[in-house]
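Residue-level structural notes
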Amino acid sequence: MWTFFRRYKRFFWVMGILSTAIVLLFFRALKPAPVLPIYQPVMVDPVLVDESIQYVKKYHRIGAFSFTNQNNENITHKDYDGYIYVADFFFTTCPSICPIMTDNMVYLQSLLAAYPDVKLLSFSVTPNIDNPAVLKQYAVEKGVDDRRWNMLTGNKKDIYELARKSYLVVQEDGNGDEHDMIHTENFVLIDTKRRIRGYYDGTDNTRTESRKSHYKYLQHHSLSLNLNHHNFLFL
């Protein structure tokens, strides 16, 4: 018997390796593909959601908007149709979380340099202060790529409504002064169908690589892009 095994030792080694590979491939095929959630208002902290939509469970989309960017150009939701993008709310005179968020968005901009189908978008919550000239100076100082990233200003009421009814990231108005729109530190991931697919702590740069993988996931996922791409990893 030992003579038999010695004679066919190489055969058994090859069969063992092939069998192991087949079993691993089989289990990998059975493992369901992970999917990014599609956020609805009912899934978000109600403090950040307008009461008129707090119980909405499906079909939530980012609403239409029209504002002015740092180059004094009109930017609307149509400029982002068909694109994955990351949005946040900030103001240029913010002394606390906004500079951190912007620095992390700049870093994200560099990570996504090879992915032109992913854009960035920032809304000022103090539009009376952050006019296009102020935004332009801020953008230049921070290293904003105008081809990918718009910083928007406009009517404060419209921005506030968009934040609470579309992006779901701003608390109710405060005392009525110019800094009363209390925004979160969230980066919001939007897919090509204007659906919310992720919320991320914009002050935490340790998760930036994970965010990048999520954007890449959407870029290659046929459910999220109107392109002939396929599944990508959701970390």
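Up top you'll find the structure we're talking about.
Now for a quick tour of the structure. Values in this document were obtained by computation on a predicted structure and should not be read as measured data.

1. Points about helix H5 (residues 156-167)
Restricting attention to buried positions, one finds in H5 the residues Lys-156, Ile-159, Tyr-160, Leu-162, Ala-163, Arg-164, Ser-166 and Tyr-167. Where H5 is buried, its residues touch strand S1 (66-68), strand S3 (84-90), strand S4 (118-124), strand S6 (186-190) and strand S7 (196-201). Once H5 finishes, Leu-168 follows within two positions and takes phi at roughly 60°, a positive value.

2. Description of the pattern of salt bridges
Scanning all chains against the criterion turns up six salt bridges. For Lys-142, the salt bridge goes to Asp-103, with nearest N and O atoms at 3.2 Å. Linking Lys-142 in helix H4 (residues 132-142) with Asp-103 in helix H3 (residues 97-111), this pair joins segments that are 39 residues apart in sequence. Note that Arg-147 and Asp-145 form a salt bridge whose closest N and O atoms lie 3.0 Å from each other. When its relative accessible area of 74% is taken as the criterion, Arg-147 is described as exposed. When salt bridges that share partners are traced, they join Asp-191, Arg-195 and Arg-197 into one network.

3. A short note on H3
In this model, H3 (15 residues) spans 21 Å end to end at C-alpha, consistent with the 21 Å of a helix rising 1.5 Å per residue. When we look at burial in H3, the residues that qualify are Cys-98, Met-101, Thr-102, Asn-104, Met-105, Val-106, Leu-108, Gln-109 and Leu-111.

4. Concerning the nonpolar core
Counting residues in hydrophobic clusters, the biggest one holds 52 residues, and the most contacted among them are Phe-65, Tyr-85, Leu-121, Phe-123 and Tyr-167. Broken down by secondary-structure element, the contributors of at least two residues to this core are S3, H3, S4, H4, strand S5 (149-152), H5, S6 and S7. Considering each element in turn, this core owes the most residues, six residues, to S3. Among residues more than four places away in sequence, those in contact with Leu-121 are Phe-65, Tyr-80, Tyr-85, Val-86, Ala-87, Asp-88, Trp-149, Asn-150, Leu-152 and Tyr-167.

Criteria and thresholds
Residues numbered from 1 in each chain as written. Predicted model: local features only at pLDDT ≥ 70, side-chain atom pairs only at ≥ 80, totals over all residues. Heavy atoms only, no water. Buried < 20%, exposed > 50% of the residue type's maximum accessible area, 1.4 Å probe, protein only. Helix = DSSP H or I, 4+ residues; strand = E, 2+ residues; numbered from the N terminus. Contact = heavy atoms within 4.5 Å. Salt bridge = Lys/Arg side-chain N within 4 Å of Asp/Glu carboxyl O. Expected span 1.5 Å × (residues − 1). Core = buried A, V, L, I, M, F, W, Y, C linked by side-chain atoms within 4.5 Å.

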